[in-house]
Amino acid sequence: MAKDKSIYTCSECGGTSPKWLGKCPHCEAWNTLVETVAQPAASGRNRFAALAPAAELQVLADIEASEVARTPTGQEELDRVLGGGIVDGGVVLIGGDPGIGKSTLLLQALDALQRSGMPTLYVTGEESGAQVALRSRRLGLDNSQVPVLAETQLEKILATLDARKPGIAVIDSIQTVYSEQLTSAPGSVAQVRECAAHLTRAAKSSGTAIVLVGHVTKEGALAGPRVLEHMVDTVLYFEGDTHSSFRLVRAIKNRFGAVNEIGVFAMTEKGLKGVSNPSAIFLSQHDEPVPGSCVLVTLEGTRPLLVEIQALVDDGGPSPRRLSVGLDRDRLAMLLAVLHRHAGVACLDQDVFVNAVGGVRIAEPAADLAVLLAITSSLRGKPLPKGFVAFGEVGLAGEVRPAPRGQERLREAAKLGFSVAVVPKANAPKKPIEGLTIHAVDRVDEAVAVLREA
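Just so it is clear, the structure is predicted and the values come from calculations on it, not from any experiment. (Residues numbered from 1 in each chain as written. Predicted model: local features only at pLDDT ≥ 70, side-chain atom pairs only at ≥ 80, totals over all residues. Heavy atoms only, no water.)

K.L.:
Sorry, what's going on with unusual backbone geometry here?
P.N.:
Negative phi values dominate among residues other than glycine, just as trans dominates among peptide bonds. The omega torsion of the bond from Asp-172 to Ser-173 falls at 5 degrees, within 30 degrees of zero and hence cis. Of note, Ser-173 is situated in the loop between strand E9 (168-172) and helix H5 (189-206). For Lys-165, which is not glycine, the phi torsion reads 50 degrees and is therefore positive. Mapped onto the elements of the fold, Lys-165 is located in the loop between helix H4 (154-164) and E9. A relative accessible area of 55% places Lys-165 in the exposed class. (Helix = DSSP H or I, 4+ residues; strand = E, 2+ residues; numbered from the N terminus. Buried < 20%, exposed > 50% of the residue type's maximum accessible area, 1.4 Å probe, protein only.)

This is how it looks when you write it as structure tokens:
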């Protein structure tokens, strides 16, 4: 019997090679070529022909377009990330570490939608129906009417979707689904790409919203070919430490809403509950102000968050250490040089440790001013006044640059009871904000001078 011809497929980019190579010739990634069985050339009409129907040429101004209707999921934080709710025919891909709560959140959302009258379907390829039922009982979803299908074959899943026509279906997970048209194993590049394409076509043609649960690699990125993220309409990442009770859902891509929105959840005995005031998570509860602590007003998507930045400056000897948790380490070294050159505050022989409380990761440069003020406070051993907040980007010339949406940041700080703010001059409000004293600064030395007076 003739041996099946095999090819080698890259697990990163999906490129193919007739023989094994150490480095992929397409994306130049090392040790990513996996042996798969070559598929014979199909005869007749291509199975993806329905994805590209013939259409006439139209001018943008003549095309009638209306806002897409959204259906709330019953989880306010999830709706915030999705842009207001699920969209008919939309395809959502959600990924996260094992055990972080993806299946729990989606089961809660499906139960709420089912109770509101929308037909739903939960397809599980990793668990049995009994395991899903046990989880629903642990979550307190008594007498849940969500239909569950324990199936991994793509053709049977598509037949069930066509027969039941649910408003929303969850596929948990896309790496367990396989198609009979391919001989490769479930989870391979070819299978994931093929199954995702068929499910996307089914969603667009029937109007069923489909949520795909995806595995992640050890680096935290979504597993499978990158084309998977291009196919879907929305990509969500489930973040958080499994040892902590708080979880973040972040939108990386959204064709129907804003990106970089976050939803904050707390894991409880009854499942995931939305956190209406997430700033309370990232603020430590000190009885009295302590040196080295400064509250930053950061921006996650359209939501202002208050995060405590802590700094510890200690004697370091001949080889001082620079360590930051939740902030960019290289940026910390740059800020220390700016602080020395333009404000006369030297930390040359000191160990400097900076931490963002609560495990949050801050990538925006508006955290610069709060980091500098926390370091100065720790170095001098004098705490900042109670109710003190700051934000602003610091440049190499010592200037303090404005941060986007400064007015919203200040209003959020005032709403939570903060009374003193150091901000860039360009972010100073034209009208005073009740209960908030604002110090607008142009340069780093001005901010340090405000700190000395306080």
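K.L.:
Got a minute to help me understand the pattern of salt bridges in this structure?
P.N.:
A side chain with one charge may pair with a side chain of the opposite charge, provided their charged atoms come close. Under the definition given, this model contains 15 salt bridges. The residue Asp-111 makes a salt bridge to Arg-115 at a minimum N-O spacing of 2.6 Å. Of this pair, Asp-111 and Arg-115 both sit in helix H2 (residues 102-115), four residues apart, roughly one helical turn. By sharing partners, the salt bridges in this structure join Lys-204, Asp-233 and Arg-255 into a single network. (Salt bridge = Lys/Arg side-chain N within 4 Å of Asp/Glu carboxyl O.)

K.L.:
How should I be thinking about the environment of Glu-76 in this particular structure?
P.N.:
Looking at the element boundaries, Glu-76 is found in helix H1 (residues 76-82). Considered as a pair, Glu-76 and Asp-111 are 35 residues apart in the sequence and their alpha carbons are 14 Å apart.

K.L.:
Sorry if this is basic, but what is going on with the pairing of strand E14 (residues 271-274) here?
P.N.:
The two faces of the sheet receive side chains in turn, since in a regular strand these alternate between them. Where strand E13 (residues 262-268) and E14 come together, four bridges link them in antiparallel fashion. Counterpart to Phe-265 in the pairing with E14 is Gly-274. The turn linking E13 back onto E14 is made up of two residues. (Pairing = 2+ DSSP bridges.)

K.L.:
What am I meant to see in the sheet that holds strand E17 (residues 322-325) here?
P.N.:
In a beta sheet, neighbouring strands are held together by backbone hydrogen bonds and run either parallel or antiparallel to one another. Spatial strand order, E17-E18-E16-E15-E19-E22-E23: seven strands in an open sheet with mixed pairing. This sheet does not close on itself; its edge strands, each paired only once, are E17 and strand E23 (437-441). Ignoring strand direction, the axes of neighbouring strands in this sheet form an average angle of 25 degrees. Bridge count between strand E22 (residues 420-424) and E23: five bridges; the pairing is parallel. Paired with Val-420 across the bridge in E23 is Thr-437. Of the strands in this sheet, strand E15 (293-300), strand E16 (303-315), strand E18 (350-356), strand E19 (388-390) and E22 are in contact with helix H8 (residues 368-380), which crosses E16 at around 35 degrees. Across the sheet, helix H10 (residues 444-453) touches E22 and E23, and the angle it forms with E23 is around 145 degrees. (Axes fitted to C-alpha atoms, helices over the stretch in contact; angles between N-to-C directions. Contact = heavy atoms within 4.5 Å.)

K.L.:
Can you walk me through the packing of aromatic side chains in this structure?
P.N.:
Where two aromatic rings form a pair, the distance of their centres and the angle of their planes describe that pair. This structure, assessed with the given rule, holds zero aromatic pairs. For Arg-409, the ring lying beneath its charged end belongs to Phe-391, and the centroid distance is 5.4 Å. (Phe/Tyr/Trp six-rings, centres within 6.5 Å; stacked < 30°, edge-to-face > 60°. Lys NZ or Arg CZ within 6 Å of the ring centre and 35° of its normal.)

K.L.:
What is the right way to look at the side chain of Thr-376 in this model?
P.N.:
Relative to the helices and strands, Thr-376 is located in helix H8. On the basis of relative accessibility, which here comes to 1%, the residue Thr-376 falls in the buried class.

K.L.:
In this structure, what is going on with the sheet that holds E9? I would like to understand it.
P.N.:
Pairing is mixed in the open sheet, where nine strands are placed in the order E8-E7-E9-E10-E6-E11-E12-E13-E14. Looking along the sheet, the strands with just one partner apiece sit at the ends: strand E8 (148-150) and E14. Across the sheet, the mean angle separating the axes of adjacent strands is 25 degrees when strand polarity is ignored. Pairing geometry for strand E11 (residues 234-239) and strand E12 (residues 246-254), over six bridges, is antiparallel.

K.L.:
Would you explain the nonpolar core in this entry?
P.N.:
Here is a general trend for soluble globular proteins: nonpolar side chains tend to be buried in one another's company. Counting residues in each nonpolar core, the largest one holds 64 residues, and the members touching the most others are Ile-309, Val-354, Ile-362, Leu-373, Ile-375, Val-422 and Val-444. When residues of this core are assigned to their parent elements, the largest contribution, seven residues, is made by H8. Non-local contacts of Val-444, meaning those with residues more than four positions away in its chain, are made with Val-338, Leu-339, Ala-343, Leu-372, Val-394, Gly-398 and Val-400. Residues Leu-107, Leu-236, Val-249 and Phe-265 belong to the second largest nonpolar core, which totals 30 residues. (Core = buried A, V, L, I, M, F, W, Y, C linked by side-chain atoms within 4.5 Å.)

K.L.:
I tried to follow the packing of H4 against H5 on my own but got confused; where do I start?
P.N.:
Each packed pair of helices is defined by two parameters, the angle between the axes and the distance between the axes. Contact pair H4 / H5: the axes reach a minimum separation of 11 Å and the direction vectors enclose 10 degrees. With respect to each other, H4 and H5 are oriented roughly parallel. Along its contact with H4, which presents Leu-154, Ile-157, Leu-158 and Leu-161, the element H5 presents Cys-195, His-198, Leu-199 and Ala-202. Class assignment of the residues belonging to the contact of H4 with H5 gives a composition of seven nonpolar, one polar and no charged. (Parallel < 35°, antiparallel > 145°, perpendicular 65-115°, else oblique. Nonpolar A, V, L, I, M, F, W, Y, C, P; charged D, E, K, R; others polar.)

K.L.:
Hey, could you run me through the packing of H8 against H10 in this one?
P.N.:
The contact between H8 and H10 brings their axes to 11 Å, and the two run at 45 degrees. In terms of axis orientation, H8 runs oblique to H10. Judged by the sense of rotation from one axis to the other, the crossing of H8 with H10 is right-handed. Contact with H8, carried on its side by Leu-369, Leu-372, Leu-373, Thr-376, Ser-377 and Arg-380, involves Val-444, Ala-447, Val-448, Leu-451 and Arg-452 of H10 and no other residues of that element. Grouping the constituent residues of the contact of H8 with H10 by class yields seven nonpolar, two polar and two charged. (Left-handed = near helix turned anticlockwise from the far one by under 90°.)

In short, the description is geometric, and any link to function would need to be established separately.
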